[in-house]
Amino acid sequence: MSKLRATSLDAFRGYAILTMVLSGSIAWGVLPGWMYHAQVGPRSNFVFDGSVYGITWVDLVFPFFLFAMGAAFPFSIGSKIRNGISRWRIVYDSVLRGIRLTFFAIFIQHIYPWSVSSPQDTRSWLIALAGFVLMFPMFMRIPLKMPDYLRLAIKVIAYSIGIVMLLNIHYANERVFSPGYSNIIILVLANMAIFGSIIYAFTINHPWVRIAILPFVAAILLGSEHAESWNHALMNYSPLPWMYQFAYLKYLFIVLPGSIAGEYLYEWLHNRTATEQSSSQDEHKRMPWILLLTIGVIVFNLYGLYTRHLLINLAGTVFLLGVLYVLLQVEGKNTNYWRKLYKAGTYLILLGLFFEAYEGGVRKDPSTYSYYLLASGLAFMAMIAFSIMCDVYSWNKLTRPLEYAGQNPMIAYVSTQLVALPLINLAGLGTCLTYFDQNPWLGFLKGVIITSMALLITILFTKLKCFWRT
């Protein structure tokens, strides 16, 4: 069973990482407001304003990736436990993975071209490319037969060169190297790799215990508002503030529900390989409508919450979920799995909508409880959609590129800044991109072109079996 491959989960993760790249590549300030984070769009004159409420598709890409990370736990951590690896070894591996991800977050942030030079120049592009190449011996298992000590020596040398590189780069705006200057997205992932993995390892057979941890996290976060409380002291304590902050643990509200979805997926894949049950005729007829409605629930909530039509959004969501409930009341080899995802997702979506007014309204930053709940609930719906597209309809032309990106997310994440843009600028084509920044359609096309380049780079290395792993 360790060879089970969840292609729908790979595609879901790939969608999250590529839309993350796309959202950072489109032209700034010329597209409609829903093409940016809700708190930095035209409603706030393209500067951050935490008093603006609502979410856009951009606000979902990071929580979707976190959700996919949690959904992978039953396959990665679960397979270790099933193979007899002790939980304390998993704790050690999880901490080590978190440390490596933290280094990754610090390293890439320092070698991004705009960190090295402002405006960017040839030196910054070459440093970015050199850093990208250097990360292969850091994070890839070298596909050659050699003693373990030699593999370790190569990694140590690569990391050493990377550290020397960071300490000797002349950065833009008189910046100096600092471990506190890191990529916040990867840093949050590092913390989730540690705490989420450890929690899952000790609650693998007790999912409700796993979920029961979340109210205690919420209690500490809420209690920390009182300066004299122990909650406040715990919230602000960190032995390594550049690596760990208790506030990062709020994203367990997304990662741990993701682990529940992953268990549903693993169980379904296991049963599917063990039985020869085929789809019933009724199930087959209902699949297009189930796919349409799961995507519809996501889109409808994005529209309703962004435009602040809250009562209409609540009523419409209840209606769509009700129709989806009826459609899922059919026997088949897939619907039992989808019903489990539907029940969990519906609960979280409705709970998030009931929490929407708390803290003023849903928003990504500063993030609200309604944001965690809604993002998790909508991710459950997305899992149903990707299951139909990948596992039933096998839309390979659409989903296979996403799967490649999902199998190699670290390369996909950095390939824009460290490969695509350096190559474009070194080829003298950088000025061409500035023409795309004046028109909405061209501004979006710019993002599509850059994201497509990042995808092609990722596909190349994935096909060559060059995977970065921590």
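Summary of the structure given here. Throughout, residues of each chain are indexed from 1 in the direction in which the sequence is written. Restriction of local features to residues with pLDDT of at least 70 applies here, the model being predicted, together with a cutoff of 80 or more for giving and counting side-chain atom pairs; totals for whole chains, interfaces and linings are based on all residues. Water and hydrogen atoms play no part in the side-chain values, which are based on all heavy atoms of the structure.

### Structural notes on unusual backbone geometry
One can expect most non-glycine residues to show negative phi and most peptide bonds to be in trans.
Then step 1. Residue S118 is joined to P119 through a cis peptide bond whose omega torsion reads 0 degrees.
Then step 2. Secondary structure is summarised from DSSP: a helix means a run of H or I of at least four residues, a strand means a run of E of at least two, and numbering begins at the N terminus for each. Tracing the backbone shows P119 in the loop between α5 (113–116) and α6 (122–139).
Then step 3. Between D365 and P366 the backbone carries a cis peptide bond, its omega angle lying at -10 degrees.
Then step 4. With respect to the secondary-structure elements, P366 resides in the loop between α14 (335–354) and α15 (369–392).

### Focus: the layout of surface pockets
Then step 1. Of the pockets and cavities examined, the second largest pocket occupies roughly 1400 Å³.
Then step 2. Only protein atoms enter the calculation, which uses a 1 Å grid: trapped sets of points that fit a 1.4 Å probe without letting it out are cavities, open sets showing protein on both sides within 12 Å along at least five of seven lines are pockets, and any residue with an atom within 4 Å of a point is a lining residue. Surrounding the second largest pocket, 46 residues form its lining, M20, S23, G24, I185 and Y413 being those nearest its centre.
Then step 3. At the level of secondary structure, the elements contributing two or more residues to the lining of the second largest pocket comprise α1 (7–23), α2 (58–71), α5, α8 (184–202), α17 (409–426), α18 (430–434) and α19 (440–463).
Then step 4. At five residues, α17 tops the list of elements feeding residues into the lining of the second largest pocket. Grid points are joined across faces, edges and corners, and a volume is the space filled by probe spheres set on the points.

### Quick look at the side chain of D10
Then step 1. Position of D10 among the secondary structure elements: in helix α1.
Then step 2. The contacts of D10, once residues within four sequence positions are left out, are R5, L402, E403, G406 and Q407. Residues are treated as being in contact if the distance between any of their heavy atoms lies within 4.5 Å.

### A few points about α15
Then step 1. The span expected for a helix works out to 1.5 Å for each residue beyond the first. The end-to-end C-alpha distance of α15 is 34 Å, a good match for the 34 Å that 24 residues give at a rise of 1.5 Å each.
Then step 2. Counting buried positions along α15 gives 23 out of 24 residues, so the element sits mostly inside the fold.
Then step 3. One or two positions beyond α15, positive phi appears at S394, with a value near 50 degrees. Accessible area is worked out with a 1.4 Å probe on protein chains only. A residue is then buried under 20% of its type maximum, exposed over 50%, and partly exposed in between.

### Comments concerning α8
Then step 1. A rise of 1.5 Å per residue sets the reference length of α8, with its 19 residues, at 27 Å; its end C-alpha atoms lie 27 Å apart and thus fit the reference within 8%.
Then step 2. Largest kink in α8: about 25 degrees, centred on M192.
Then step 3. In terms of residue burial, α8 counts as a mostly covered element, since 14 of its 19 residues are buried.
Then step 4. By the criterion applied in these results, polar contacts are pairs of N or O atoms within 3.5 Å in which, for protein atoms, one can donate a hydrogen and the other can accept it, and in which residues neighboring in sequence qualify only through two side-chain atoms. Capping of α8 at its N-terminal end is provided by N183; its side-chain oxygen lies 3.2 Å from the backbone amide nitrogen of I185. Bend, in this description, refers to the angle at a residue between axes fitted to the seven residues ending there and the seven starting there.

### Brief notes about the pattern of salt bridges
Then step 1. Any Lys or Arg side-chain nitrogen found within 4 Å of a carboxyl oxygen on Asp or Glu counts as a salt bridge. Across all of its chains, the model carries nine salt bridges by this definition.
Then step 2. As a salt-bridge pair, E263 and R210 come within 2.9 Å of each other at their nearest N and O atoms. Of the two residues, E263 sits in helix α11 (residues 252–274) while R210 sits in helix α9 (residues 207–223), which places them 53 residues apart along the sequence.
Then step 3. Across the salt bridge formed by R339 and E331, the nearest N and O atoms sit 3.9 Å from each other.
Then step 4. With relative accessibility at 62%, the residue E331 sits in the exposed group.
Then step 5. One salt-bridge network, held together by shared partners, links K80, R89 and D93.

Geometric descriptors of this kind do not, in isolation, establish any biological role.
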